[in-house]
Structures are given as structure tokens and as C-alpha cells.
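So the chains spell out like this:
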There are 2 protein chains.
Amino acid sequence: MEGVDYLSDERKKAQFDVEAMKVAWAGSHEAFNVTDRMAKLVANDPVFEKFSKPLLDRKDLFKNSLRKAAYAWKLIQDLRLSDEEAKWLRHYIDEPNYTDLQWEMFVPALEGQTTEEQKKKWLPLAKNMQIIGCYAQTELGHGSNVQGLETTATFDPQTDEFIIHSPTITSSKWWPGGMGKVATHGIVYARLIINGQFHGVHGFIVQLRSMDNHFPLPGITVGDIGLKFGHGAYNTMDNGVLRFDHVRIPRNQMLMRVSQVTKEGKFVVSDVPRQLMYGTMVSVRQTIVADASKALSRAVCIATRYSTIRRQFGSRNGGPETQVIDYKTQQSRLFPLLASAYAFRFVSEWLKLLYTNVKQRLADNDFSTLPEAHACTAGLKSLTTAATADGIDECRKLCGGHGYLVSSGLPELYAYYVAACTYEGENVVLMLQVSRFLVKTVSEIGIKQPVGTTAYFGRVKALMQNNCTVQTAKDWLNIGTIVEAFEARAARMAVDCGQRLAKFENSEEGFAELSPDLVEASLAHCQLIVVSKFIERLQQEIPGKGVKDMLQVLCYVYAFFLIHKHQGDFLATGYLTSKQAALANEQLKNLYSKVRPNAIALVDSFNHTDHYLGSILGRYDGNVYPKLYEAAWKDPFNDSIVADGIHQYIQPILRQTLHSAKL
Amino acid sequence: MEGVDYLSDERKKAQFDVEAMKVAWAGSHEAFNVTDRMAKLVANDPVFEKFSKPLLDRKDLFKNSLRKAAYAWKLIQDLRLSDEEAKWLRHYIDEPNYTDLQWEMFVPALEGQTTEEQKKKWLPLAKNMQIIGCYAQTELGHGSNVQGLETTATFDPQTDEFIIHSPTITSSKWWPGGMGKVATHGIVYARLIINGQFHGVHGFIVQLRSMDNHFPLPGITVGDIGLKFGHGAYNTMDNGVLRFDHVRIPRNQMLMRVSQVTKEGKFVVSDVPRQLMYGTMVSVRQTIVADASKALSRAVCIATRYSTIRRQFGSRNGGPETQVIDYKTQQSRLFPLLASAYAFRFVSEWLKLLYTNVKQRLADNDFSTLPEAHACTAGLKSLTTAATADGIDECRKLCGGHGYLVSSGLPELYAYYVAACTYEGENVVLMLQVSRFLVKTVSEIGIKQPVGTTAYFGRVKALMQNNCTVQTAKDWLNIGTIVEAFEARAARMAVDCGQRLAKFENSEEGFAELSPDLVEASLAHCQLIVVSKFIERLQQEIPGKGVKDMLQVLCYVYAFFLIHKHQGDFLATGYLTSKQAALANEQLKNLYSKVRPNAIALVDSFNHTDHYLGSILGRYDGNVYPKLYEAAWKDPFNDSIVADGIHQYIQPILRQTLHSAKL
């Protein structure tokens, strides 16, 4: 059975150059090469095997994960991998652990928030992993609202130290990854108190564990917060609980780039602009958007391959049943997700450029584009993670009963991924931040020229007045028409909210009252961004036979899917008539027929290894049923023919001797 | 800390009689009493403890589940519980196992599909649990399409036996609950072959395991199919894989009520109408709808209580932060789910009556209402399970980060519940069955008087012509207005589909082409049923101060939530103007203020024990944070201060000695 390819006929149907599409998906030849190499490096190394993960208990799971991380760090050093390569190596190991925090939170925080002197001391230690750091912000009773944190850092001028303390149960640090069992140090956020006076929440470098024996230092109580959703998923991570009982640290372990405390206990705000802090947030969220497209592409790849293998109903004259992917109901659920994966991929590439641009400007003390960049990343993080989490579970359902098996890979992918809807800014809270930005933009129409992703508000008058002119389904196949529809919908919803807000005496009350509508308006704005950036990408050169045409089809699918899904918005704002909405929906169904023969090639273009997919249903060779069958027999639960417990708890029932059984 | 009630102030705000609401929710005083007694019986017995489940490995989890089932069966006998009481006892144990199949599939199938003679032999054995049965229908390659099954039952006239055989890998029985490790017998569905001739798919009683030593009988290979979504969830169930190698059973073990095979090998169809078979399906799905309301109510109870305890942002002058439940964004996500739980509860009660009525008619050979009952149960199963699964995960997200902890109860509830979207009829496949019924109803307008839930098609002309007359938000507070809006939307969507279908030469092709739209039309029809039945319930007597008024508010919330969510339908069909839709949405937000003070009392009215909820976040006393903190320390992962693996895999990194470490 080795060497079979049950999908080869499907692969032959492709109307575009798959290798070229792989490059388009990856972003460049270089990006393709590095991801391809790192994915295969991981896939071919038995240390990184992951199918057995769900069978391990928490302690073994964790230990195994530590082993993988150490082995990876050794590989990175032995092979002299670049930072970029190392990042992808970690990515393909596909297992959350303390190194994520080290590289994505601890090091960037040190880089961004310390003085030159502090950098000199701490950065080499962190970059060599001579210390392992966590990012101890959230508390048991406090999440998104940093200003509500309860942990205190009280300055003691006698000893030139801060006293870090957890005054209540709810002030226990709770959730930080890597903190529960691994981290030697933490960046701890606490309320700075000098002379009984509160001076805001700041970060402090606190050593948590002994470098000798890894025991928590005196005054520190630290452990793991317990099991999370899924078998493996985030359970390889030691999210922690941490309490301080008057722990003393030297004064110079406060992160002092933006504000300092002097030896005399004076609180000084430096001239380094606070806005610099937002840069890190923009960076992290930008990565989350890129990860969303990756995660969604995995689920879509599994569901597409399995829908092609799976047959159900529709047998004619005793012939084979119909491939599930040929049902319009399956296509109407699956193909928009396939298109979304590509859409999110391209918007994440754009976001990366935007971030690079912002970083350069920040270096020049130009903060003008920061609010827009902040709104973009917040909104796109919210949009893409919500759609991806839902999309993964939809893919699971599209695999029917077998999607419910852990061996399908989908339950674990969902359990792992869905955390992204909550971490680094809860999705609805983030959309409300976009709303604040939109409301401000609307209020400044005519006063200030809107730029970047809000430039369309400069044409708000036309967008409010002119309705869609589509008359036939074919008229919809026009990018100008599509962009304008999304612009008009977003502009009208934002302006409507603005007008209603203006009627409130207290604008904060109005904002609270209208918040559900504001969230909808923000979503419309963010969807416009995704659609526009997809279209802009298509206007660039994309080499390879048929590649651009295929992406054009996916772009239309994404846009028309949204128009149908949010038909209510488009009709309520009066921009579309119901006839025009129906034509878009008709066109959407036509496009499915163009996607169908290319479906397998489109998911092959993600270039996912079977290791990365971790799914029997999504196997490249489509050899699903024999492998599912094999896997069942390999399960340790099948080690014994008569299961433990049958003798004690089933036979007495069958023999009607339960009254005398020991239960 | 024992005896605290952090929610007591919230409880005092209730504007209705909670005890009376409990009865309204349960359905009657009797129903309340039996559920209350059984829930407490389970909650107070340490054998049924379930918090430690996620920590058990599969074998221990399974063994523990067998123990609970045996203990429960002993209780049922010792306490002489009625069938109704036993059913609730099993329900509150909250753990899928083989007894579910015994009582919900095996016994009903024997009752419904065997002859009187067969009943006499098999029913007492099953009812005393001297045999344990499973329902072996689905195969590795075949799910919903029973006619596609591959297992064969070949009649051998020489020995008067059937030879049961699995000819291919894909013909392996796959998924049946209780089959993997427990069942002694199975009702096996197989293609009947007599003399080389295929006579349809039928059920056969096949003994699978020895009554002496529980080993599989010769020719039978049976085991468990492996891990499923979640830690505990469905992993307490031994969903099985089963293959037959020419297994012989006596001829009289075919289920012979509807068709028989004679000793001579003649296939005879009895005069018992085949429609009787659908009765069982209607019964099972009706139960699923009732379970949906229960499952959703658990999630809503947890999220509501925690949203009341949780505070975030909005602190004024150093005072406490705002309760999360006071945010409109939280209310707009949570309260519609609260209303949905009640809506599903009442429609399930109605469905139970419908089923009783159908059963009586079937007994009199009256099949006239069966198609409608079948469509109702299929559609409502699909609607309520989909909304419940989504609702549970939405509740999890509404609990922020802590909802991601297994100790919140929500990840397990989701992983367990979401299977309902797929089993007993995949949700989209079921909606397409409703579509067939709707299309038929539409095609018979003017020919046949539509009855029951389709009666509104009798007024289709008016529903197509007259648009909504609402002018102010207050106008919406009228049940006639609401019902008519849902009727008009459903009728217009169904008629539109009917008209477009008529344009296809081949109606099957048309049906396939329009299937995504047909699914939407069917959903509209089913939502109308839920709304109408809620309203009908309100027209009956509901005792208790303020109870009916409160339910009226929830009914409006449910209806306006749907109108907003499906605004696109209501606008596209032209029944509502965008102004009217906006007024409904305005009214919806007004109603949230009426729900808010009653929210805790409304979830208390579900009468869920803390055991049943299985959630620290949902505790009755609201004592969330100290209990989360305690639970973390009880986790076995915290048994050792320095975790296993640190010495081997972390210290060499910190000490830069990785090159010589054994990995």
C-alpha cells in the first residue's frame, strides 16, 4: 500500500502551476525555501513525532515537550540556523512551550523596555538562554485591564530595592506561559508605590527560581494552573500561578526605558515616547494574523482531501457513491474557508510590511501612522482568529463522524487554536478599540485627511450617495465594483454609528450603549481591509501558469461569500438591492465550479507535510481508511482483548450477581 | 469561606418567583420533583464524583465509568426506581456509556423491529441486562447512507443460517457505542443476500462476545476506535470497530417484523407498514432536542454566573471595576443564548407531545402526520444542536481566559456536546430532508391543505403580498407581528426556492444546485417553529409571580435576536424595511436591560447542581477565585516542585552544557 496516491487523478485536474502557487503562498522563493526546509527537517526527525501526544498524561506530555525544545535548541546551534530558520523550526515542531515566551515576549520586552545599560546585562543572558524568562502580566482576577492589576512593587529607599508582593488571592499571577515549571526569571507587572503614592503599572525583572537547583526562591510560590482544553494542545505549556510574599529585587531591575525611579525615590518620566510600547503589541498581533492563515490552511487541507476521498449517497446503478466534495452544500461551507486561508495569508503579508514601515517611522520619532497600524492589527487579529477558530471547527464537522476522532487532527487543532481568540487581546475588546479609532476618524471627516486603510472616508459623500450599479451576475466580476461595495457598507455603518453617538450627551455612555453596533461596524471595516489587500496583491506580478487567475477566483469567492453572509448589512445600508445581493450569491455558486477541479492542488500549494497536518484524514496520499483502521489497533486501549473493569463491573450485571459485587 | 454566597445580592434583584420558574422550566411539578431528586441523588454520592475525570488515562477513565454504570444499575434496582427516574439518574451521572445504547437504541429496536416471538425471547434478556446490546449500523466507509453499507448477510438454506461477513476494510463496523469493549450482542445492519440476490439492508441480532469469558466469539474481531475530542467527554464510551469473518447466526435472528426470510429462502415483506420504522427516529431526535436545551442551559448558567462575578475595566475613582455582565457587548452575546435555552426547552416539550400523538396514530395505522413529524424533528434536531454547540463555545469565550481551563467545565461540555451535530443525522443532511418536505409542501399549495407547522402556507398569498407594518420600536412588542414576520420570511424563501427549482428540467439536479439556498429556507422554517411554540406556550397558564412576564421578555429576545442575525433574509424577501429591522434591534437592546437584573435568577431556575455543572466558574455560591486557586494546587502536575524533565532538559540549556547532554 506504500506509494499509493488516491488523489493523483484529482491532482491532474489542476489548472494552474502548483509549484508557483507554493511560492505565491509562501510569499517569495526565499520564504518558500526556508519553510520547506524547516518543515521537512522536523517531519523527518523521529524526536518530533507527535501522533502519540494525546495518549500521554500531563507529566509525560510536558517532559516530552521539554525534550523536543532542548533537542531543537541543540539543532539550532549545531546547524547554525538563522533567527528566521529557528523561528520556523519551532513553528513546525507544533507544540507550545516556554521558548515561545522567551523569543516572542521576554526578549522583545527586554529589547523594547530596558535602558542601554540594562540591555547590556540582560539581553545576552536571555539570547543564550542562560536565563529563561516569562511575561507575568495577567492575574487571577485581572486580564485585559492592565491598570487593574493588584501586585505591588513598593520602593524601599533604605535598601534601594523594590518589594514585590501579592496582597490578595486575585492578585496571584495567573496564565503566564513557561512560568509554572520552567522560567528562571519573569517580567512582572506591578503597581509601583513610592512613599505610599501610586505611580502606575510597570514591569520588573524578578528572578523566580534558583539557578542551582531550580527551586522557587524564598517568598515565591509558583506552580501550574492545571489542564486546558484538548489533550496535547496547550497542555505542553506550563501556564503558571505565582505569588510573591515581599520579594525584594534591586532597584535597577525595573524596566527603565520609559520611566525611572531614582535612588532617592523620585519617579521620573524619561523623554522616550510611551507610544514605543505599542510597537511590540503591533508586532505580536501581526504574527498572530500570519498564524491564523497557517492554522486555517491546515484545517482546510484536511477537510478538502478527506471530502475528496469520502463518498456518500448518490450511487447510480450500483456505481460508486458521490464524492462528498461534489455536493454544493459541502462546497458552500468549504470553499469560502479555502478562500479565507488565502485571503488571511495575503493580508498578513501586507501587515508585515505595514509593521516594518511603522518600525522605521518609530525609529525616527514619527508616530503619525501608529494609531492606524494599531487599529489594523487589533482588528485583523480579531477578525482572522475568530474566523479561523470557527473555520477549523467547521472543517471538523465537514469531516463528519471521523472528524471527531483525535486522529483526524482537527479536535486538537481546534482546542489549541481557539485560545487565540482570547489571548493578546480578547476579540470583542479589540474590535471596540477599532471602533474608537473609527469613531474618531468619522468625527474628523472634513477636518483631517484620512489616510491608509481609512482613506475611503475621504470619499464618504459619494459612498453614502451612490448605490451599486450591478445589473447582471457578470457585472459582479469587477474588482472596482467589489471594493466599492465593501467601502460603502463600512462607511455607511461607521457614519450611522457616529450620528447616533452624537445624540448622547455623555459620549462614553453612548459608546457603551452602541457597542454591539460598533463592533459590527468595525468588522465591516476590517473585512474591507482583507478584501482590498487581496485585490491589491492581485495587481502585483504573480508568476506561474494560471496562478493569478486562480487567486482571482478565490478573491471573488471570499468577497461574495462575505456579501452573502453579511447580506443584512449591505441591504440595510441601502447600498445593494436584494436582486443585486442574489446575483452575487449566484456568481458565488458559479465560482465554486471553478474551484472544484483545483481544490486538491490549492491545498497542496500550502506545502504542508503529513507531520505538520497530524491527520489521518488529511494524508497527502489519501490512504485514509486503512490507516484509520491500523491506528485503532495501535491504541493502547486495545492492548487487552477483555478490558480492565469488565470482570468487576460488567460480568456481575450479566450474571445478575450485582447485589453481592464489590463496587 | 463555606456558606458564602457572592451572588446573593444578584439573587435579590429577581423580579419573578424562582421556584415557580423552576417548575415552568421542568415542565410540571412532577417533572421538577423527579429531576430534582435524581440530580441530588447523583450529586451527593461520591461514586459519581467527576472533577478528576480529565486526569485519568483512557483505561482508568473507562474502568471508572463502568463502575459508575454498575453502581447506578444497582441503585436503580435497590431503590426500585421507575423507568423515568432511572433515565434521569443516568442523565445526571453525565457520562456517556454502554447503557445509553442499551436503553435508547437496543431495547427500542427490539421493541420496534422484532416479531412477537422474537420479542418474547430477547426483550426480557435485554431489559434485565442479561445481555448488553449495541447498534451496529455505521461502517468505516459509510455513515448516513444506510443503503451504501457493505456488510453482507448471506442466507444459507442448508443450515438455515445467515452468514455475516465484512468483505472490505471499509465495511468494518465503526463508531457504534458500547461495541468496542462491552456489548455481548449487536443489532448488525447488513445487505441481505439470498441466492446471489440483494434484498435490501436489514438488521440482525448477532452475539459478539462469550457470555462466559467475554472474549469475542470466533470469526469476530472487535476493539475500540481510539480517542475522541476532549479529555473525558465521549472517551468514557467504547465506540467500536468490528469485523465479521463468515459468522453464522440462526435465521430467526433477523429482525423480522417488517420483512422475513423463510426457511426456503423466500424473501417476504409483511403487511406491517415500513413507516413504523420512522417512529424510532422521531423518538430519538426528539430526545436530542430536549438534551440540547439542557446542555445549552448548563453553559449559559456558567457564563452568566461568572460574568456577574468577573469585573474588568471601568473602575471609577479607585472603586471596583465593572461587572462584565454589565457590558452591552457581553449582554448581546449572552442573553440571546439564555433566551435560546428557554426556547429550546419549550419546543422540546411540544415535540414530546407531537411524538406522543404520532405514536397513537401509528398504532391506528394513521401515517398522515408522520412526514411532518419527521421533518419537524429532523429540522429541530439540526437547528438546536448546531445552535447549542456554537452557544456552548460562545459561553466559553464569554468567560475569557479562564473559560479555557478544563476546570471551567466548558471545554469538556463542548467536546462532549458537539458530537450531537453529527450523530443521528448530520445537521446539513437533515436540513436537506426538511427541504424536500418544504418543496413538496410548496408544490402542493392550492392542491392540498397544509397542516400543523406548515399551516401558514395556507395563507401564502397574504404572506407574499403584505409587508410588515411596524412603525415604532414599541410596535414590535406584539406576538402577532412577530409570528407573521417569521412566517412571511419562511414562506417567501421556500416559495422562491420552489420557483427556481421549477426552472430546472431535472428536479434532482435543481435540488442539488439550489441546496445551499434550500438549507437556508429550511432553517427559516424551523426558526419559525421555535418562535411559534414559545409564543404558544406563553398563551397557556404559567403560575408564579412574574414568571410569565419574564418568559415573555425572553421570547421577544429570542425573536429579535434572530431577526437581527438573519436581517439579510428579512430584508431580501422585502418583508421588512431596514428601518423596521433597526427598530427590532433597538427593542432587543431595551430588553437586555429587563433581563439583566433577572439573569442570575433565570439561570438558577434551571436548578442545576454544582455537580451537574462541573464548573468552578459556574459555582452556585460564586466563590470562583479561591476555588480556582485551590484546584490548581490539587493538580497532580504540582505534586513535585521541580517538574520531571527540568533536570534533564532545562538545566543543560541554562548551564550551556547541551552539547554533552543526553536528549
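Structure: above.
Computed from a predicted structure; not experimentally measured. (Residues numbered from 1 in each chain as written. Chains lettered and ligands numbered in written order. Predicted model: local features only at pLDDT ≥ 70, side-chain atom pairs only at ≥ 80, totals over all residues. Heavy atoms only, no water.)

Student: Can you walk me through the overall build of chain A in this structure?
Tutor: When helices and strands are tallied, chain A shows 24 helices and 11 strands. Here chain A has a C-alpha radius of gyration of 27 Å; the compact-globule value for 663 residues is 26 Å, and the two agree. When the 663 residues of chain A are sorted by exposure, 63% land in the buried category. Taking the contacts inside chain A whose residues are at least 6 apart along the sequence as the reference set, 74% of them involve residues at least 24 apart. Counting every atom, chain A has about 25,000 Å² of accessible surface; 51% of that belongs to carbon and sulfur. Computed over 73 positive and 70 negative side-chain charges, the inter-centroid distance for chain A is 2 Å. (Helix = DSSP H or I, 4+ residues; strand = E, 2+ residues; numbered from the N terminus. Rg over C-alpha atoms; globule rule 2.2 N^0.38 Å. Buried < 20%, exposed > 50% of the residue type's maximum accessible area, 1.4 Å probe, protein only. Contact = heavy atoms within 4.5 Å. Areas by Shrake-Rupley, 256 points an atom, 1.4 Å probe, with all protein chains shown as cover. Lys, Arg positive; Asp, Glu negative; His and termini not counted. Charge placed at Lys NZ, Arg CZ, Asp CG, Glu CD.)

Student: Help me understand unusual backbone geometry, please; the structure alone is not making it clear to me.
Tutor: Peptide bonds are trans in most cases, and residues, glycine excluded, mostly fall at negative phi. Residue and element names in this part refer to chain B. Of note, Asp 94 is a non-glycine position whose phi angle comes to about 65 degrees, a positive value. If you trace the backbone, Asp 94 turns up in the loop between α5 (83–93) and α6 (98–113). Despite not being glycine, Asn 607 shows a phi value in the positive range, around 60 degrees. With respect to the element layout, Asn 607 can be found in the loop between α20 (599–604) and α21 (610–613).

Student: What exactly am I supposed to notice about the interface of chain A and chain B here?
Tutor: Listed by partner, the interface residues are 130 residues for chain A and 131 residues for chain B. Here chain A packs against chain B, burying approximately 11,400 Å² in sum over the two surfaces, 65% of which is carbon and sulfur. When the buried surface of chain A facing chain B is broken down by residue, Phe 229, Tyr 404 and Phe 637 of chain A rank first, second and third, together holding 8% of it. Linking chain A with chain B are 12 salt bridges. (Buried area = accessible area lost by both parts, 1.4 Å probe. Salt bridge = Lys/Arg side-chain N within 4 Å of Asp/Glu carboxyl O.)

Student: Would you mind going over the sheet that holds strand β4 (residues 173–174) of chain A with me for this structure?
Tutor: Backbone-to-backbone hydrogen bonds pair the strands of a sheet. The strands run either parallel or antiparallel. Residue and element names in this part refer to chain A. Here 3 strands make up an open sheet; going across it, the order is β4-β8-β7 and the pairing antiparallel. Two strands in the sheet have a free side with no partner beyond their single neighbour: β4 and β7 (220–224). With 5 bridges connecting them, β7 and strand β8 (residues 240–244) associate as antiparallel partners. Of the residues in β8, the one forming a bridge with Gly 223 is Val 241. (Pairing = 2+ DSSP bridges.)

Student: Would you mind going over the relation of the copies chain A and chain B with me for this structure?
Tutor: Between the two copies of this chain, the relationship is a rotation about some axis together with a displacement along it. Least-squares fitting of chain A to chain B yields an RMSD of 0.0 Å, with the transformation described by 0.0 Å of translation along the axis and a rotation of 180 degrees. What the superposition gives is, in effect, a two-fold axis relating one chain to the other. Within chain A, Gly 568 of chain A has its C-alpha nearest the rotation axis, a separation of 1.7 Å. A share of 100% of interface residues in chain A that are also interface residues in chain B marks the association as one of identical surfaces. (Least-squares fit on C-alpha atoms with pLDDT ≥ 70 in both.)

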